[in-house]
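# Topology and contacts: notes
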Amino acid sequence: MMKNKNDYMNIPKEKFKMVNEGQRLTDTKFEDKPVGYLKDAWIRFRKNKGSIVAAVIILVIVLFSLLTPLIISKHPATFMDVYYAKKPSRSLTLKKIGLSEGTVTRTFSGAGLIRAIGIGVGAEDHDGSGQVTVKEGLSSYYQPIKKIGPLTTITEIKGAKPKSIYNNCVIETYLEVGFLYKSFEQDEYRRIVEWQNETGLQILYPLVENNDYNLDPLDANYWYKTKKGTPVTTASGKAKTVELSDGLVLEDNYKRDAEGNPIYYEYTGGGDHDTAQYKVRILYYNYYIYQNGFEPEYIFGTDSQGYDLAVRMAGGLRLSLLLAVVVSAINLTIGAIYGAIEGYYGGWIDLILERISDILVDVPFIVVATLFQLHLSSKVGVIPSLIFAFILTGWIGMAARTRTQFYRFKGQEYVLAARTLGAKDWRIIWKHIFPNALGTIITGTILIIPGTINSESMLSYLGIVKLGSATQTSLGTLLSDAANIWTNYPHLLGYPAIALSLLMICFNLFGNGLRDAFNPSLRGVEE
Amino acid sequence: MTKYIIKRLLLMIFTFFVIMTMCFMLIRLLPRELPQDKNLQAVITARFEALGYNKPLLVQYGIYLRNIIMDWDFGTSWYIQFRVPAMEVLTSRLLPSVLVNLYSFILSVPLGILFGIYAAIKKNKWQDQFISTAVMIFVSVPSYVYAFLVQYIFYFKLDWLPLTMYSLADAGGSYWTQKMFVSMIMPILALSFGQIADLTRFTRAELTETLTSDYMLLARTKGLTRAQATSRHALKNAMVPILPRIIGGFIGILGGSIIIEQIFAIPGVGQLYMKSINLFDYDVFMCDTIFYTFIGLLAGIIGDLSYGFIDPRIRMGSKK
């Protein structure tokens, strides 16, 4: 019998070979990565465009609050300049494209306009030659008036004499400060003269005669001869009113010595060589450069006291954010522990703990904040007592959230299994149940942040919490400082209000996005 | 139901008592500021002595409670209105607060519900997206930012409305005159934006949930039009959580808004609160605190109880 090739019934033993001989058999790895809870949340969060934008804006605000003192502003937190208070935004870089010029639009009377233009004219006329025309003065670097509006006639009150005014004039508010009278020690005076020679920038200007032509001896900007505010010429020996025109030369009222040279300083008192005091008339813009080494530049302008608003806002934002994060972290901790104990043990422990939080939750927050400030702020400081107030009732929401989650998970099989294997209560709470509840709890924490920022700014706005100091402020304090004067200086209110609103909107959007992402029941709903 | 109501009321009274006790102790422990005027100082010190302010704290509290129960006496105002009972100072400021809040309430409830319904019906269309975005912004922005915005538009730019509320004398001696109402428009608007947005969001959320429920499908299968099914079934069910919220909010209008009253110079309860702190008028402060606590508790309890009245299916306090 021939051996059949296809005889499968009797295969000899040696023909058998082990499959995968010498190899270990294991499960093959997944081709793609497993999608865990966090990963799934991240995937769904990414789809929410609004939340991504909000997260980016929050990041920008955080960076602004951290980097402003280092990069954006040249001014330290304590830097304050009373002459440049309430000034609008001015940036030398943005100025080139016509933004942030530090200008405002205003209406001037004829005399007021000449006084403002006179600053530029006077700045050119530092040697008292008296040859500078208004036209030349208008193109001066120190000329505050950038645009003269049309001359219109209005009647304010019926029957009164009609008034001529210049509408819509554009004025540079930093240059508007113009000239000031100051008193220097001789030492300082000599340093300024040296600096003038080095840089070619003029600080010291001739003093003004205190006579009938000087309208206001305290205002250093009336350097020309005036009668009731209008410039006059006395060439004919008799005062004659002049009107604004291009070829006009304002007649100066400078103090002069016997030879007719203008006098730049006057001895006002003081003892020896170094401490002798000199009264001088300075151009403040250049004096600022002398003091600081750079031209005035404030990206958001200056606040009501003369601090750099950008630095103040960055400080306020830093305080708000830090406070909010600290408060939510503490509330998270207390709330999680409290809620875990309530939810896990249940029964009479739950009943008693719930009654305690029931009572606390009904205490009006504003009353708590007020009482804590009144009692504690002098002992532990304003900010710690504010934090205490936030904590006293703030954790309750978190506790309720955690408690619900614990009620949901504590009856599940894996908890029973863990208990059967002898796990202690503490281990079951933190190792088994808590990680499952974490998503909901974290989301709750994010949503505490805008609430805290809002309450903090409200309390500091009302003045219940006093956060304003030389180095620190809050957005609420900035807003309340601006509350009575903002109609004249809108930027004082505008920038902090925008920053605060933006922060609130973004945190709410971001928090909602997180909440939806962490909510497994919404999985697949969008598709 | 009755048993549940009684239980809730008792708990409310207990909570109220505990909070009142805590606040009393904390307020009485504050150092008392005396005025500069020697005569006034003597009068007030003598009066404090007579009222037992130098006795132990618990005895003081006993006196305080006795005065409230026997004479309805919540202490005296010394600085805001000299020697006027604190309760009288408070009640005299109730009307402006309530009026401003009531007007804004009347404005925002219908608008909020309407926007909410519209957004829910147009869900995921551009109308809904527009309303939802606006709601997100309006809910987040603090109310005093609106106050400034409204002032900027209506006073600074348009010059239609007065910057702050008129005093009683300016407006003809009554809070009901037309002139007074015009001066109240700005605070009403400032308060309304947030309330409208809040209610819109809530209504939209509730209505979208009921719109997708099974009984809506049944109603449509029975032959009801979409409008009929929405108004008779979905809206009715969505109102169950919305109405208690509105009722709770209605009680809340008594409290006023401290910050809005401060900005618009409304002589209300909220402004009184700030004044009492700044002038150290602690009896008024205590009275205002009690008032706020009471309003908060009352709003909560009435909101909760109204659930049972609105929807008979909800059995309050019943066992699981």
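Residues numbered from 1 in each chain as written. Chains lettered and ligands numbered in written order. Predicted model: local features only at pLDDT ≥ 70, side-chain atom pairs only at ≥ 80, totals over all residues. Heavy atoms only, no water.

### Observations concerning the overall build of chain B
As a reminder of what qualifies: Only DSSP runs of H or I covering at least 4 residues are called helices, and only runs of E covering at least 2 are called strands; the numbering of each starts at the N terminus. The rule is simple: take the accessible area with a 1.4 Å probe, protein chains only, and divide by the maximum for that residue type; under 20% is buried, over 50% is exposed, in between is partly exposed. Any two residues having at least one pair of non-hydrogen atoms within 4.5 Å are treated as being in contact. Values of accessible area rely on a 1.4 Å probe in the Shrake-Rupley scheme; residue burial ignores everything except the protein chains shown.
When helices and strands are counted, chain B shows 13 helices and two strands. Across the 320 residues of chain B, 47% fall into the buried class. Taking all contacts inside chain B whose residues are at least 6 apart in sequence as the whole, residues at least 24 apart take part in 70%. Just so you have it, chain B exposes about 16400 Å², and 66% of that area is on carbon and sulfur atoms.

### Focus on the overall build of chain A
Where we set the bar: For the radius of gyration, the atoms used are the C-alpha atoms, and the globule rule reads 2.2 Å times the number of residues raised to 0.38. Asp and Glu count as negative and Lys and Arg as positive, but His and the ends of the chain are not part of the count. The atom standing in for a charge is NZ when the residue is Lys, CZ when it is Arg, CG when it is Asp and CD when it is Glu.
Looking only at helices and strands, one finds 16 helices and 11 strands in chain A. The C-alpha radius of gyration computed for chain A amounts to 37 Å, which surpasses the reference 24 Å derived for 527 residues by more than 25%, pointing to a less compact arrangement than a globule. Structurally, chain A occupies a C-alpha span of about 145 × 75 × 60 Å along its principal axes. When each of the 527 residues of chain A is scored for burial, the buried share is 46%. For chain A, contacts bridging at least 24 residues in sequence account for 72% of all contacts bridging at least 6. Summed over all atoms, the accessible surface of chain A reaches about 27800 Å², with 58% contributed by carbon and sulfur. Considering chain A, the positive charge centre built from 54 side chains and the negative charge centre built from 50 side chains are found 10 Å apart.

### Quick look at the state of the cysteines
Which entries qualify depends on this criterion: To count as a disulfide, a pair of cysteine sulfur atoms needs to be within 2.5 Å.
Scanning the entire structure with this criterion turns up zero disulfides over all chains. Of all cysteine sulfurs in the structure, the one in B:Cys23 sits closest to B:Cys287, which takes part in no disulfide; the separation is 12 Å.

### What about the environment of B:Ile106?
Residues and elements named next belong to chain B. Within the element layout of this structure, Ile106 appears in helix H5 (residues 94-121). On the accessibility criterion, Ile106 (53% relative accessible area) is exposed. For the pair Ile106 and Phe250, spaced 144 residues apart in the sequence, the C-alpha separation amounts to 9.7 Å.

### Observations regarding the side chain of A:Thr402
Residue position: A:Thr402 is located in helix H12 (residues 382-409). Beyond its immediate chain neighbours, meaning those up to four positions away, A:Thr402 contacts A:Gly335, A:Ala336, A:Gly339, A:Ala340 and A:Ile441.

### Some points on the interface of chain B and chain A
Rule in force here: Accessible-area loss on putting two parts together, using a 1.4 Å probe and summing over both, is the definition of buried area adopted here. By definition here, a salt bridge exists when the distance from a side-chain nitrogen of Lys or Arg to a carboxyl oxygen of Asp or Glu is within 4 Å.
Counting from both sides, the interface comprises 34 residues of chain B and, opposite them, 31 residues of chain A. For the pairing of chain B and chain A, the buried interface totals around 2900 Å² over both sides, and the portion due to carbon and sulfur atoms is 82%. Contact with chain A buries surface across chain B, with B:Met136, B:Tyr144 and B:Phe148 losing the most and accounting together for 19% of the total. The interface formed by chain B and chain A holds zero salt bridges in total.

### Considerations on the pattern of salt bridges
Oppositely charged side chains may form a pair once their charged atoms are brought near each other. Residues and elements named next belong to chain A. This model, assessed by the stated rule, comprises 18 salt bridges over all chains. Its salt-bridge partner being Arg90, residue Glu172 comes within 2.8 Å of it at the nearest N-O pair. Of the two residues, Glu172 is situated in strand E4 (residues 163-172) and Arg90 in the loop between helix H2 (49-72) and helix H3 (92-95); the sequence distance between them amounts to 82 residues. The class for Arg90 is buried, based on a relative accessible area of 1%. Within this structure, Asp350, Glu354 and Arg403 form a network of salt bridges that share partners.

### So, unusual backbone geometry
Backbone geometry at A:Lys86 places phi at a positive 60°, although glycine is not the residue there. For B:Phe280, which is not glycine, the phi dihedral falls at a positive 60°. Looking at the secondary structure, you find B:Phe280 in the loop between helix H12 (269-278) and helix H13 (282-310). Residue B:Phe280 is classed as partly exposed on the basis of its relative accessible area, which comes to 31%.

### As for the nonpolar core
Under the convention used in this document: The criterion is simple. A nonpolar core is a set of buried Ala, Val, Leu, Ile, Met, Phe, Trp, Tyr and Cys residues joined through side-chain atoms within 4.5 Å.
In terms of nonpolar packing, the biggest core is built from 121 residues, with A:Ile453, A:Tyr461, A:Ile464, B:Tyr64 and B:Tyr273 touching the most fellow members. Among the elements that make up this core, the one with the highest residue count is helix H16 (residues 490-518) of chain A (14 residues). If sequence neighbours within four positions are ignored, A:Ile464 has contacts with A:Ile366, A:Thr370, A:Gln373, A:Leu459, B:Tyr273, B:Met274 and B:Ile277. A:Ala116, A:Tyr166, A:Tyr181 and A:Val280 belong to the second-largest nonpolar core, a separate cluster that totals 52 residues.

### As for helix H8 (residues 178-211) of chain B
Condition: By this rule the span expected of a helix is its residue count minus one, scaled by 1.5 Å. Bend at a given residue is defined as the angle between two axes, one fitted to the seven residues that end at that position and one fitted to the seven that begin there.
The end-to-end C-alpha distance of H8(B), which contains 34 residues, comes to just 43 Å, noticeably less than the 50 Å that a straight helix rising 1.5 Å per residue would cover. For H8(B), the principal kink sits at B:Met184 and spans about 35°; a proline, B:Pro187, occurs within the next four residues.

### A short note on the pairing of strand E8 (residues 230-233) of chain A
All names here are of chain A. Selection criterion: Two strands form a pair only when DSSP identifies at least two bridges running between them.
The pairing of strand E7 (residues 226-227) with E8 spans two bridges and is antiparallel. Residue pairing for E8: Lys227 is matched across the bridge by Thr230. Bridge analysis of E8 against strand E9 (residues 240-241) gives two bridges, and the strand direction is antiparallel. The partner of Val232 across the bridge, within E9, is Thr241.

### Quick word on the sheet that holds E7(A)
The three strands lie next to each other as E7-E8-E9 (chain A), forming an open sheet whose pairing is antiparallel. In this open sheet, the two edge strands, each paired with only one partner strand, are E7 and E9 of chain A.

### Considering the packing of aromatic side chains
Just so we agree on the cut-off: Stacked, tilted and edge-to-face are the three classes assigned to paired rings of Phe, Tyr and Trp, where Trp is represented by its six-membered ring and a pair needs centres within 6.5 Å; plane angles under 30 degrees give stacked, over 60 edge-to-face, the rest tilted. Lysine NZ or arginine CZ positioned within 6 Å of the ring centre and within 35 degrees of the ring normal marks a charge as sitting over the ring.
Within this structure, the stated rule accounts for 54 aromatic pairs over all chains. Arranged with centres 6.2 Å apart and planes meeting at 65°, the rings of A:Tyr461 and B:Phe148 form a pair that is edge-to-face. One end of the pair, A:Tyr461, is in helix H14 (residues 425-462); the other, B:Phe148, is in helix H7 (residues 143-157), on a second chain. For the residue pair A:Tyr461 and B:Phe148, the accessibility class agrees, reading buried in each case. Ring pairing ties together the aromatic residues A:Phe79, A:Tyr83, A:Tyr84, A:Tyr174, A:Phe184, A:Trp195, A:Tyr284, A:Tyr287, A:Tyr288, A:Tyr290, A:Phe294 and A:Tyr298, which thus form one cluster. For A:Lys279, the ring lying beneath its charged end belongs to A:Tyr181, and the centroid distance is 4.6 Å. The ring centre of B:Phe202 lies 4.0 Å from the NZ or CZ of B:Arg245, which sits over that ring.

### Describing the packing of helix H1 (residues 37-47) of chain A against H16(A)
All names here are of chain A. Note the threshold: Between the N-to-C directions of two axes lies an angle of 0 to 180 degrees, each axis being a line fitted to C-alpha atoms and, for a helix, fitted only over the stretch in contact. Orientation categories follow fixed angle ranges, with anything under 35 degrees roughly parallel, anything over 145 roughly antiparallel, 65 to 115 roughly perpendicular, and all other angles oblique. Take the far helix as the reference: if the near one is turned anticlockwise from it by less than a right angle, the crossing is left-handed, and if turned clockwise, right-handed. Three classes are used, and their members are as follows: Ala, Val, Leu, Ile, Met, Phe, Trp, Tyr, Cys and Pro are nonpolar, Asp, Glu, Lys and Arg are charged, and the others, Gly among them, are polar.
Running from N to C, H1 and H16 cross one another at 130°; their axes reach a closest spacing of 8 Å. One way to sum up the angle between H1 and H16 is to call them oblique. Here H1 runs over H16; the crossing is right-handed. For the pair H1 and H16, contact is made by Tyr37, Leu38, Ala41, Arg44 and Phe45 and by Phe510, Gly513, Leu514, Asp516, Ala517 and Phe518, respectively. Taken together, the residues of the contact of H1 with H16 sort by class into eight nonpolar, one polar and two charged.

### Structural notes on the environment of B:Arg83
All names here are of chain B. Inspection of the secondary structure assignment puts Arg83 in the loop between strand E1 (76-77) and strand E2 (84-85). Through-space distance from the C-alpha of Arg83 to that of Ser257 is 26 Å; in sequence the pair is 174 residues apart. In this structure, Arg83 is in contact with Val43, Thr76, Ser77 and Trp78, ignoring residues within four places of it in sequence.

### Considerations on the confidence of the model for chain B
To keep it simple, the criterion reads: How sure the predictor is of each residue is captured by pLDDT, a score from 0 to 100.
Residues with a pLDDT of 70 or more make up 98% of chain B, whose mean pLDDT is 86. Across chain B, the secondary-structure element scoring lowest on mean pLDDT is helix H2 (residues 38-50) of chain B, at 81, and the one scoring highest is H5(B), at 91.

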